[in-house]
Amino acid sequence: VLAVVCIITIAICSTLIFRKIAGRSRVDLTQHGVYTLSDGTRNIIGKVNQTIKLKLYYSRVAAMKGPEQIRFYNNYYLYVRDLLEEYAALSGGRLELSVIDPRSFSDEEEEAIRHGVKRFPISEDENFFFGLVAQTELGKEKAIEFFEPDRQEFVEYDISKLITDVTRRAQKKIGVLSSLPVIGADMTPYMMQMLQMQGRTPPKPWNIISHLREAYEVVSVDKEAAAIEEDVDFLMVIHPKDLKEKTLFAIDQFVMKGGKLLVFVDPHCMVDEPKQDQRNPYARFQHKADSNLNALLKRWGVEMDPKLIAADRNLAIKARLQNRAAPLMTYLALGEACVNPEEVITARLHSVRMLFAGALAKVPDAETTVTPLLSTTKTGNTWEPKGSFELQMPDPEAISRAVPDGTLPVMLACRISGKLKTNFPDGIEPEDDAEAGEAGEKGDEEKEAVEEKEAEPETEVIKEASPDAAVLVFADVDMITDGLAYQRSFFGVAQVGENASVVLNALEFLSGTGDLITIRSRGRFERPFLVIDKIETEAERATAEETEAINVKIRSFEEKLRKLGAAATEENADLIRSTAITGRRKIQADIRKARKELRALNTGKRKKIEALKASLQTHNMVWAPTAVLLVAIVLAVVRLIRAKRYAARRT
């Protein structure tokens, strides 16, 4: 009995001593280190010079009672809580964490709602909360309204950004210049009310703009602006169509003054749709949905041919077109192999989608440095559509046949640095010079106005940019639209992939804040089945060829039937009918044979996948028990040998 008591005492004391010495030490064996705080987070925590209260609101009791999709959040909550405890442990007491379960009709529930945490009713008596609030000593507070399930890999970034925002003194300003209603309706509340009374909904801002407004001040820049305001820190030019020379000059001089420029151009923007015209049903096929900024970018070392679209069969995403799903080579899923690992903007990205993206090319003998950020694989190439119909109604199989595999990656996004020189060394001519020449025939007031305008000093043209200037170019606009960058879920709008992260990374890079960039896309929880994807891609490619062969046979048969029908007369009708029936039977036999080959091909694909699945299951179910059994056998042998040696010594 005394021995048992001593053993228990030793075990408890050893556990307490080890826990005191080792603390909460863990080993992170994941590929991307998803359970390890990054250096950027450590730097952000180290810069905190005041006490910040972190309040994690999670309805744990309500989640246990709720449906299955709510109980899923229990594990997610444990991960967030453990991560926040790591923050608090590293802060040296500057971050104070409290975990709160806001039960219905309680003060905690009212407090969560007051702080802006989202509430989701799951029953008549229970509400669900899962958000985080940060409060400083000076009363400033920010909140993560809800931890979206699709942003699990961005949790560390969201928390670190929350701490950065709550301690930041002033917001930087982003100017947005676009030919699309990116910012939404810029109108007074009265005008918006009038529209609603008329049954018209004012356009809402894109989700990327709403996302940016959480950390920046976003203002609209007129498409015909003659100058960019001095207090604009960043300028986003999205789908620039038919810009006037004065606006191009304003953008040029903004960069020359050291401004930071972010450009999104597109050879075919899917959201750029024509206005409805009842009198012209073909208006959509006559509409031009391309944009480029070659008037400025070409002198800075980069240009985009608006007629070419990037394509890559190895990156193709399945799209449902014409009542069937098929890989579309111009709908690209960029993975780790398609991002520049040496650039902080893209180094930690894993999933970016682009649709009908353009191909950027470096201008020969350019004095600037052009650094690729995003690109296709080496097999990428370009596709030149024959008309707008092919863009409005794309045929995946036809595109696949028209685009051969390339030998070099196609550049989809880049960073321009070095000696940026102005495109307007002599300035620009005022647009109203002709009117000024005719002013002599007008009244005295107009003459005085012209004289005053001529007396004004001309704006000095800056011919070379300062070292702080930076230009980032992306050859796709659709990548930041609501359709590709976000999706609606049960809990509202959620980010899809890392399209929005590219923009946020770019702005953090341009603002000189590198800590958040190293956090944003530091890992993922879901891993793709690369071998299965490869099997399916190869099978789809072979299936497409067989399908096209069947379609050719069917078309030739229909043409033959048409010719037979045209050749029929009263005298030879019976003979023609007999020949047609014989031909139909023969071609139908060929079609059945080809379709049987297709089924065999699909069966082979399924068998390969099932064999791989069985192999993985075997490895998972056999090797672990085998290892335990081997350990048990080794221990038994060792004990047997020791027992024999002990018995030999006794004898």
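The structure we're discussing is the one just above.
Residues numbered from 1 in each chain as written. Predicted model: local features only at pLDDT ≥ 70, side-chain atom pairs only at ≥ 80, totals over all residues. Heavy atoms only, no water.

K.L.:
Could you clarify how one ought to interpret the overall build of the protein in this entry?
P.N.:
Per the secondary structure count, the protein includes 21 helices and 22 strands. Relative to all contacts within the protein whose residues are 6 or more apart in sequence, the contacts with residues 24 or more apart total 75%. (Helix = DSSP H or I, 4+ residues; strand = E, 2+ residues; numbered from the N terminus. Contact = heavy atoms within 4.5 Å.)

K.L.:
Explain the sheet that holds strand β6 (residues 141-144) to me, please; I cannot follow it from the model alone.
P.N.:
The strands that make up a sheet are held in pairs by hydrogen bonds between backbone atoms, and each pair lies either parallel or antiparallel. Reading across the sheet, the four strands line up as β2-β1-β5-β6 and stay open at both edges, with mixed pairing between neighbours. Looking at which strands have only one partner, the edges of the open sheet turn out to be β2 (95-100) and β6. Ignoring which end each strand starts from, the neighbouring axes of this sheet average 15° apart. Note that strand β1 (residues 52-58) and strand β5 (residues 130-136) share seven bridges and pair antiparallel. Bridge pairing in β5 places Lys 53 opposite Gln 135. Helix α5 (residues 73-91) rests against β1, β2 and β5 of the sheet, and its axis sits at about 155° to β2. (Pairing = 2+ DSSP bridges. Axes fitted to C-alpha atoms, helices over the stretch in contact; angles between N-to-C directions.)

K.L.:
Could you clarify how one ought to interpret the pairing of β5 in this entry?
P.N.:
On a regular strand, each side chain points to the face opposite its neighbour's, so the side chains alternate between the two faces of the sheet. Most of β5 sits inside the fold, with seven of its seven residues counted as buried. Covered by surrounding structure in β5 are Phe 130, Leu 132, Ala 134 and Thr 136 together with Gly 131, Val 133 and Gln 135, the residues of both alternating faces. Bridge count between β5 and β6: four bridges; the pairing is antiparallel. In the strand pairing of β6, Val 133 is matched with Ala 143. (Buried < 20%, exposed > 50% of the residue type's maximum accessible area, 1.4 Å probe, protein only.)

K.L.:
Even after reading the chapter, I still don't get the environment of Glu 498, so can you show me in this structure?
P.N.:
With respect to the helices, strands and loops of the structure, Glu 498 is situated in the loop between β22 (492-495) and α18 (499-510). In this structure the C-alpha to C-alpha distance between Glu 498 and Met 479, which are 19 residues apart in sequence, comes to 9.7 Å.

K.L.:
What's the story with α18 in this structure? I'm lost.
P.N.:
For an α-helix, 3.6 residues make a turn, and residues three or four places apart therefore share a direction. Between its first and last C-alpha atoms α18 spans 17 Å; for 12 residues at 1.5 Å apiece the expected length is 16 Å, and the two agree. Counting buried positions along α18 yields 11 of 12 residues, so the element is predominantly enclosed. Here α18 has its buried residues at Asn 499, Ala 500, Ser 501, Val 502, Val 503, Leu 504, Asn 505, Ala 506, Leu 507, Glu 508 and Leu 510. (Expected span 1.5 Å × (residues − 1).)

K.L.:
Would you take a moment to explain the pattern of salt bridges for this structure?
P.N.:
Close approach of charged atoms allows side chains of opposite charge to pair. One pass over the structure, following the stated rule, counts 13 salt bridges. Note that Glu 224 and Lys 244 form a salt bridge whose closest N and O atoms lie 3.7 Å from each other. Of this pair, Glu 224 sits in the loop between β8 (217-220) and β9 (234-238) while Lys 244 sits in the loop between β9 and α10 (245-256), and the two are 20 residues apart along the sequence. With a relative accessible area of 41%, Glu 224 lands in the partly exposed category. A single salt-bridge network, built from bridges that share partners, covers Arg 81, Asp 82 and Glu 85. (Salt bridge = Lys/Arg side-chain N within 4 Å of Asp/Glu carboxyl O.)

K.L.:
In this structure, what is going on with the sheet that holds strand β14 (residues 324-334)? I would like to understand it.
P.N.:
Strands sit in the order β13-β14-β15 across an open sheet of three strands; the sheet is antiparallel. Of all the strands in the sheet, just β13 (316-321) and β15 (352-355) have a single pairing partner and so form its edges. Between one strand axis and the next, the sheet turns through 50° on average, direction left out of account. Note: β14 against β15, four bridges, orientation antiparallel. For Tyr 331, the partnering residue across the bridge sits in β15 and is Leu 355.

K.L.:
Where do I start with the environment of Leu 37 in this structure?
P.N.:
The residue Leu 37 is located in the loop between α1 (2-22) and α2 (39-47) in this model. Assessed through its relative accessible area of 7%, Leu 37 is described here as buried. Taking the C-alpha atoms as reference points, Leu 37 and Glu 156, 119 residues apart in sequence, are found 7.6 Å from one another.

K.L.:
Looking at this model, I keep getting lost on α2. Mind explaining?
P.N.:
Of all the positions in α2, only Gly 40, Thr 41, Ile 44 and Ile 45 are classed as buried. When α2 is viewed along its axis, its buried side chains cluster within an angular range of 135° and face the same direction. Exposed side of α2, more than 90 degrees from the buried face: Asp 39, Gly 46 and Lys 47 are the residues found there. (Arc of directions from axis to C-beta.)

K.L.:
Explanation requested: a positive patch on the surface in the structure shown.
P.N.:
On the surface, Arg 639, Arg 642, Arg 645 and Arg 649 cluster together into a patch of positive charge. According to the relative accessible area criterion, Arg 649 is exposed, its value standing at 64%. (Patch = residues over 30% accessible without salt bridge, like charges linked within 9 Å, V, L, I, M, F, W, Y side chains within 5 Å. Areas by Shrake-Rupley, 256 points an atom, 1.4 Å probe, with all protein chains shown as cover. Lys, Arg positive; Asp, Glu negative; His and termini not counted. Charge placed at Lys NZ, Arg CZ, Asp CG, Glu CD.)

K.L.:
Got a minute to help me understand the side chain of Ser 59 in this structure?
P.N.:
Its place among the elements puts Ser 59 in the loop between β1 and α3 (60-65). Engagement of the side chain of Ser 59 in a polar contact is seen with the backbone nitrogen of Phe 129, the distance being 2.9 Å. If sequence neighbours within four positions are ignored, Ser 59 has contacts with Asp 101, Pro 102, Asn 127, Phe 128 and Phe 129. (Polar contact = N/O pair within 3.5 Å; in protein donor to acceptor, adjacent residues only side chain to side chain.)

K.L.:
What is the right way to look at the packing of α5 against helix α7 (residues 155-167) in this model?
P.N.:
Running from N to C, α5 and α7 cross one another at 45°; their axes reach a closest spacing of 11 Å. Taken together, α5 and α7 sit at an angle that is classed as oblique. Our pair here, α5 against α7, has a crossing hand that is right-handed. On the side of α5, the interface is formed by Tyr 76, Tyr 79, Val 80, Leu 83, Leu 84 and Tyr 87, while α7 contributes Val 155, Glu 156, Ile 159, Ser 160 and Ile 163. (Parallel < 35°, antiparallel > 145°, perpendicular 65-115°, else oblique. Left-handed = near helix turned anticlockwise from the far one by under 90°.)

K.L.:
Would you explain the nonpolar core in this entry?
P.N.:
By size, the foremost hydrophobic cluster in this structure holds 84 residues, and its most contacted members are Phe 130, Phe 147, Ile 159, Leu 212 and Phe 264. Here this core gets eight residues from one element, more than from any other, and that element is α5. If sequence neighbours within four positions are ignored, Phe 147 has contacts with Leu 56, Tyr 73, Tyr 76, Val 80, Phe 130, Gly 131, Leu 132, Val 155 and Ile 159. Within the second largest apolar cluster, 37 residues are counted, among which are Leu 177, Val 237, Leu 296 and Ile 416. (Core = buried A, V, L, I, M, F, W, Y, C linked by side-chain atoms within 4.5 Å.)

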